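# Tertiary structure, described
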Amino acid sequence: MKNILVTGGAGFIGSHVVRRLVSNYPEYHIVNLDVLTYAGNLANLRDIENRSNYTFVRADITDANAMQELFAKYQFEGVIHLAAESHVDRSISNPMEFIMTNIVGTVVLLNAARECWKGNMEGKRFYHVSTDEVYGSLGETGYFTEETRYDPHSPYSSSKASSDHLVRAYHDTYGLPIVISNCSNNYGSFQFPEKLIPLAINNIRQGKNIPVYGKGENIRDWLFVEDHAVAIDVIYHYGKNGDTYNVGGHNEWKNIDLIHLLCKIMDRKLDRPEGTSVGLITYVKDRAGHDLRYAIDSGKLQRELGWKPSLQFEEGLEKTVDWYLANQKWMDEVTSGDYKNYYERQYQLR
Ligand code: NAD
Ligand code: DAU
């Protein structure tokens with residue numbers, strides 16, 4: 001059995017990646033390493049937690065000794081690195097956590113991989129999962145390609161950009177076999193409700209205001225999370241050593257248009273008269289340094305590795321709403337505890 005390390009596997013995207021690998025590759029033993037921050041939740045993996053080719057390890061990627069011991073114990077063939085602080089608003093109020101986990105934590109993992117693989121890099125792979133936010137913000141036209149110059153604006157995107165550079169540096173300097181992908185906004189099941197779509201679904205269900213930053217004119221390019229997990233599988237197995245792939249759905253939405261669509265779906269699902277939920281839209285103070293538009297050109301991934309998104313957005317959003325409405329217990333659990341304090345701090349003064 002090949003031992004594969006997935007970091008951040010108890011989070012939103014990581015849990016979909018772990019589920020896919022554990023289910024589709026019985027010849028792999030998947031070790032899910034996660035420290036379980038507020039965003040990590042083992043309930044995201046209940047359906048596969050007892051599989052014989054799955055192990056969960058609770059540890060912090062910034063802990064160099066723990067990482068070295070883990071690599072020595074399992075002699076990983078591959079690493080799929082998703083562990084990160086991932087929410088832009090939190091990076092604005094607390095940048096240091098982002099520097100520690102996203103930059104220092106990535107270097108700790110790179111060192112552990114380098115030490116473990118020294119003398120024999122054959123068949124090994126360090127896959128760093130990154131974001132399109134490293135490219136900064138687009139105007140009204142154009143797309144991010146793999147050649148777009150890095151121009152991050154938030155502490156989150158700067159920390160991800162920094163980690164991308166370090167991963168490439170370990171390839172160029174030490175010959176570490178690496179691959180990187182930069183993906184656009186994901187949506188789907190198990191996403192923590194600090195992010196726009198699950199936050200809006202939860203608020204609409206409870207008849208609470210839907211906070212829209214600024215004028216709601218910012219544009220994001222949305223991809224169904226299970227399509228991202230397929231892309232990660234494909235890139236891990238077939239991506240070229242040292243290369244970068246952009247992942248996205250060619251699916252741009254102005255925030256306010258997306259919220260209108262969501263309101264319409266929610267009114268129908270909750271048997272409310274059409275137009276009820278739109279009344280909850282509340283414009284609030286804009287995010288500092290708010291990037292205007294993201295749009296990914298995923299042509300390289302489509303041409304070279306044959307990946308393409310499987311779902312239209314309306315269908316994916318409908319599935320997503322169905323999942324959150326059917327999994328109210330999950331939502332209640334993640335929004336009990338500290339989420340209330342976060343929500344008050346984040347939205348009270350806006
Ligand atoms: P998430 O916040 O839902 O999950 C992150 C996971 O990492 C959590 O389980 C958390 O417990 C774990 N973690 C955090 N700090 C850790 C540490 N120090 N040690 C070990 N584990 C730690 O994030 P997500 O949305 O699933 O994003 C996963 C990755 O994909 C991130 O690297 C993010 O930058 C990238 N990404 C996300 C999106 C998106 O739309 N969500 C898009 C493109 C790229
Ligand atoms: O582009 C990829 C990135 O997408 C990932 O790297 C990040 O990890 C992920 O969090 C996401 O970043 P965004 O900042 O784009 O996602 P978020 O859901 O926070 O916000 C989406 C848009 O909605 C953005 O323009 C800000 C706006 N927004 C967000 C929240 C939480 C609101 O208008 N109101 C809100 O309450």
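In what follows, the structure referred to is the one given above.
Residues numbered from 1 in each chain as written. Chains lettered and ligands numbered in written order. Predicted model: local features only at pLDDT ≥ 70, side-chain atom pairs only at ≥ 80, totals over all residues. Heavy atoms only, no water.

In the vicinity of ligand 1 lie 28 residues, with Ile 13, Asp 34, Ser 86, Tyr 156 and Lys 160 positioned nearest. Between an oxygen atom of ligand 1 and a side-chain N or O atom of Tyr 156, the distance comes to 2.7 Å. Counting residues per element, the ones that place at least two in the shell around ligand 1 are α1 (12-24), β5 (125-131), α5 (155-174) and β7 (185-187). When residues of the shell around ligand 1 are assigned to their parent elements, the largest contribution, three residues, is made by β5. Looking at the shell around ligand 1 residue by residue, the class counts come to 14 nonpolar, eleven polar and three charged. (Near = heavy atom within 4 Å. Polar contact = N/O pair within 3.5 Å; in protein donor to acceptor, adjacent residues only side chain to side chain. Helix = DSSP H or I, 4+ residues; strand = E, 2+ residues; numbered from the N terminus. Nonpolar A, V, L, I, M, F, W, Y, C, P; charged D, E, K, R; others polar.)

This paragraph deals with the side chain of Asn 246. One can find Asn 246 in strand β10 (residues 244-247). Reaching out from Asn 246, the side chain makes a polar contact with the side chain of Tyr 135 at a distance of 2.8 Å. Within the structure, the side chain of Asn 246 is placed 3.1 Å from the backbone oxygen of Phe 144, a separation counted as a polar contact. Dropping the residues within four chain positions of it, Asn 246 is found in contact with Tyr 135, Phe 144, Thr 145, Glu 146, Asn 182, Ile 296, Asp 297, Ser 298 and Leu 301. (Contact = heavy atoms within 4.5 Å.)

Another aspect to go through is the pairing of strand β1 (residues 2-7). Counting buried residues in β1 gives five out of six residues, a clear majority hidden from the surface. Looking at chain direction, β1 and strand β2 (residues 28-33) are connected through six bridges and run parallel. Counterpart to Leu 5 in the pairing with β2 is Val 31. Between the parallel elements β1 and β2, the chain passes through α1 in a crossover that is right-handed. (Buried < 20%, exposed > 50% of the residue type's maximum accessible area, 1.4 Å probe, protein only. Pairing = 2+ DSSP bridges. Right-handed = clockwise from strand over helix to strand, strands pointing away.)

Close to ligand 2 lie 23 residues; Thr 131, Asp 132, Tyr 156, Arg 287 and Tyr 347 are nearest. Between ligand 2 and Ser 86, the relevant distance is 2.7 Å, taken from an oxygen atom to a main-chain nitrogen or oxygen of the residue. A distance of 2.8 Å separates an oxygen atom of ligand 2 from a polar side-chain atom of Glu 133. Relative to its unbound accessible surface of 690 Å², ligand 2 loses 95% to contact with the protein. For the shell around ligand 2, the residue count by class is nine nonpolar, eight polar and six charged. (Areas by Shrake-Rupley, 256 points an atom, 1.4 Å probe, with all protein chains shown as cover.)

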